[in-house]
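Now for the letters of each chain:
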Amino acid sequence: MDRIGVLDFGGQYSHLIGRRIRDLGVFARVFPAEVSAEELAGTDGIKGLVFSGGAASVHGESSPKPDPKILDLDLPVLGICYGHQLLAHLLGGKVVSGATGEYGTTVLEIAGGGSRLLNRVNEETEVWMNHKDAVTGPPPGARITGRTEESPVAVFEDDGRNLYGVQFHPEVTHTEEGDRILENYAVEICGAERSWDPVNLVPQMIEDVKREIGDKRAIIGLSGGVDSSTAAKIVGEAIGENLTAVYVDTGLMREGETDSIRDGFKEEDLQLKVIDASDRFLDGLAGVTDPERKRKIIGKTFIDSFTDVAEDLGAEVLVQGTIYSDRIESGSTTHSDTIKSHHNVGGIPEEMDLEIYEPLKELYKDEVRRIATEVGVPDEIVHRHVFPGPGLAIRVIGEVTPKRVEIVRRASRIIEEGLREAGLYEKVWMGFAVLLPIKSVGVQGDLRSYKYPVAIRIVESEDAMTANFSRIPYDVLEDISTSITNEIGEVNRVVYDISNKPPATMEWE
Ligand code: XMP
């Protein structure tokens, strides 16, 4: 199958490049920046390369650079942001370290005619920038085909050598015509065939499980979410009774979650084991306020619980439903920064005896949802809002106590119900409550009250990497707010979180 290779120089959005190209129907695979020219040349069906963005400056001593022989492979190359600067720098162009940089959307003006990369793109188009250094002189032989107010060489093209650079990020949705630009590159310039569909992966995944897990006994932590359910289906299909699904009730779950898992999976062929570990989790979290420590403690407690079950069952493998975005944000891809340690990635202690197997680790949420339907995961699970592994503990800011967890659990249920009643539940990425560890003054029944505020967080996103707060009608928010303060005695104030990601994240911790 034809494919585009994306070299990851460590940008937060660099993995989205692969994702967007796959959305166009062209398979894309991400390689570490250090990949050798030899390995790329030997990769079946490789049609082109993208150099991703990254936080470094090309002038920095330790800045990541590709194997120089890559530029002799005769493959088209598209540099994005840092990749654009890198390409210019390597080919003899001029890159300066800017004092201010450009952040956010700006207008790109097409310069000159006959651009292959910007073919069918409007003369003026919004693009999303996130850079400090800038290319001020294109490499010899290349021409400038796009500029913005701050970037004189926002796009350069060397048609003869098939080398292209864009300062902006075509992979983020804020770039109006980003998909068209990636399509021009992958399909028109590289000539890659559009034959990719994530469901094509399923037979191969099942074969991989058979080969890699073989006759070993395995357990999978089931959370009731789409990722772990899909991973369980695929691994169960491959190794049958050798897989046991374990649901650990952490005491930090959504309302009714444990019952719905028991109900939802009782018809399945999967062997399900439910463990009540709520005391273990809540005791471990007592007195802890730091978000990363909370995540690490939860990760460790999960592993301790799984290790106990694994010992009982004689299992050697722990299957996890980790997906791509979990790994990126946990800083587990080379050169990227740790934003938060996802419980199932950064939270896992190194000395653990169980072998980890992650069948979905290369996939994004929407790709997993497509596969989920294909392998028969019930619709209700497929469309359920994402719920983080650390559960309600990261939605109680500051110290986690059983009482605070209960408040946030009830408030979240009210928010979900409000969204369902308004027909908005499936239109948003997720909606939940956050409990703030402060108190404010209110007046209820003519009496002064001094209680907690709850924040409502409702966001829209395509891939979890960027998100916008949802513009929920005020009357829906008002109904939710009234229900929260009426039903939850410890809360007298409700606020709506109107921040996007970036600069915020979806969860507060
Ligand atoms: P953030 O807060 O990073 O969240 O913008 C992006 C998405 O990831 C979910 N999330 C997690 N999922 N384990 C998970 O399985 C985790 O540790 C974790 N942390 C965040 C979050 O709910 C949102 O959908």
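Going by the structure above, here's the rest.
Notes on the structure in this doc start here. (Residues numbered from 1 in each chain as written. Predicted model: local features only at pLDDT ≥ 70, side-chain atom pairs only at ≥ 80, totals over all residues. Heavy atoms only, no water.)

Looking at the overall build of the protein
Right, on to step 1. In terms of helices and strands, the protein carries 14 helices and 21 strands.
Right, on to step 2. In summary, the protein has a C-alpha radius of gyration of 25 Å against a globular reference of 23 Å for 509 residues, a match within 12%.
Right, on to step 3. Taking the principal axes of its C-alpha atoms as reference, the protein extends roughly 70 × 65 × 40 Å.
Right, on to step 4. Buried positions account for 57% of the 509 residues belonging to the protein.
Right, on to step 5. Counting contacts in the protein only where the partners sit at least 6 residues apart, residues at least 24 apart contribute 75% of the total.
Right, on to step 6. Accessible surface, the protein: about 21,300 Å² in total, of which carbon and sulfur atoms supply 45%.
Right, on to step 7. For the protein, the distance from the average site of its 54 positive side-chain charges to the average site of its 87 negative ones is 3 Å. (Helix = DSSP H or I, 4+ residues; strand = E, 2+ residues; numbered from the N terminus. Rg over C-alpha atoms; globule rule 2.2 N^0.38 Å. Buried < 20%, exposed > 50% of the residue type's maximum accessible area, 1.4 Å probe, protein only. Contact = heavy atoms within 4.5 Å. Areas by Shrake-Rupley, 256 points an atom, 1.4 Å probe, with all protein chains shown as cover. Lys, Arg positive; Asp, Glu negative; His and termini not counted. Charge placed at Lys NZ, Arg CZ, Asp CG, Glu CD.)

Section: the sheet that holds strand S14 (residues 271-276)
Right, on to step 1. Reading across the sheet, the 5 strands line up as S14-S13-S12-S15-S16 and stay open at both edges, with parallel pairing between neighbours. Here the strands that pair on one side only, and so sit at the sheet edges, are S14 and strand S16 (355-357). Between one strand and the next, the sheet's axes are offset by a mean angle of 30 degrees, whatever the strand orientation.
Right, on to step 2. Across the sheet, helix H6 (residues 226-239) touches strand S12 (218-221), strand S13 (243-249) and strand S15 (317-319), and the angle it forms with S12 is around 165 degrees. (Pairing = 2+ DSSP bridges. Axes fitted to C-alpha atoms, helices over the stretch in contact; angles between N-to-C directions.)

Describing empty space enclosed by the protein
A water-sized probe rolled over the atoms picks out the places where empty space is left.
Right, on to step 1. Per the counting criterion, the structure on display carries 2 cavities of 30 Å³ or more.
Right, on to step 2. By volume, the second largest cavity amounts to about 40 Å³.
Right, on to step 3. A per-element tally of the lining of the second largest cavity places strand S17 (residues 430-435) first, with 3 residues.
Right, on to step 4. A class-by-class count of the residues in the lining of the second largest cavity yields 4 nonpolar, 2 polar and 3 charged. (1 Å grid on protein atoms, 1.4 Å probe; cavity = no way out; pocket = protein on both sides within 12 Å on 5 of 7 lines; lining within 4 Å. Points joined across faces, edges and corners; volume = space filled by probe spheres on them. Nonpolar A, V, L, I, M, F, W, Y, C, P; charged D, E, K, R; others polar.)

Quick look at the side chain of Asp249
Right, on to step 1. By the element assignment, Asp249 lies in strand S13.
Right, on to step 2. Here Asp249 sits buried without a salt bridge, and the closest side chain of opposite charge, Arg409, lies 6.2 Å off (N-O distance).
Right, on to step 3. In this view, Asp249 contacts Thr258, Ile275, Asp276, Ala277 and Ser278; residues no more than four positions away in its chain are not counted. (Salt bridge = Lys/Arg side-chain N within 4 Å of Asp/Glu carboxyl O.)

So, the sheet that holds strand S4 (residues 77-80)
Right, on to step 1. If you walk across this open sheet you meet the 9 strands as S2-S1-S3-S4-S11-S10-S9-S6-S7, and the pairing is mixed. One side of each edge strand has no neighbouring strand; the edge strands of this open sheet are strand S2 (27-32) and strand S7 (124-131). Ignoring strand direction, the axes of neighbouring strands in this sheet form an average angle of 25 degrees.
Right, on to step 2. Across the sheet, helix H1 (residues 14-23) lies against strand S1 (3-8), S2, strand S3 (46-51) and S4, angled at about 170 degrees from S1, the strand it touches most.

So, the side chain of Glu102
Right, on to step 1. Among the secondary structure elements, Glu102 is positioned in strand S6 (residues 102-110).
Right, on to step 2. Notably, Glu102 is buried but unbridged: the nearest opposite-charge side chain belongs to Arg147, and the N-O separation is 11 Å.
Right, on to step 3. Among the polar contacts made by the side chain of Glu102, one reaches the side chain of His131 at a distance of 2.7 Å.
Right, on to step 4. A polar contact is formed between the side chain of Glu102 and the side chain of Ser151, at a distance of 2.7 Å.
Right, on to step 5. If we ignore the near neighbours within four places in the chain, the residues touching Glu102 are Met129, Asn130, His131, Thr148, Glu150 and Ser151. (Polar contact = N/O pair within 3.5 Å; in protein donor to acceptor, adjacent residues only side chain to side chain.)

Some remarks on the environment of Pro473
Right, on to step 1. Structurally, the position occupied by Pro473 is in the loop between strand S20 (468-469) and helix H14 (474-487).
Right, on to step 2. As a C-alpha pair, Pro473 and Pro76 span 397 residues in sequence and 47 Å in three-dimensional space.

Focus on helix H11 (residues 365-374)
Right, on to step 1. Those residues of H11 not exposed but buried are Lys365, Glu367, Val368, Ile371 and Ala372. Buried residues of H11, viewed axially, fall in a sector of 155 degrees; they line one side.
Right, on to step 2. Tucked into the core, H11 has its buried residues touching H1, helix H5 (201-213), H6 and helix H12 (379-382).
Right, on to step 3. Immediately downstream of H11, the backbone of Gly376 shows phi near 90 degrees, a positive value. (Arc of directions from axis to C-beta.)

Description of the layout of surface pockets
Right, on to step 1. Reported here for the second largest pocket is a volume of approximately 450 Å³.
Right, on to step 2. Around the second largest pocket sit 24 residues that line it, and Gly11, Gly54, Ala55, Ala56 and Asn130 are the ones nearest its centre.
Right, on to step 3. Counting residues per element, the ones that place at least two in the lining of the second largest pocket are helix H3 (82-90) and S7.
Right, on to step 4. Here the element with the most residues in the lining of the second largest pocket is S7; it accounts for 3 residues.

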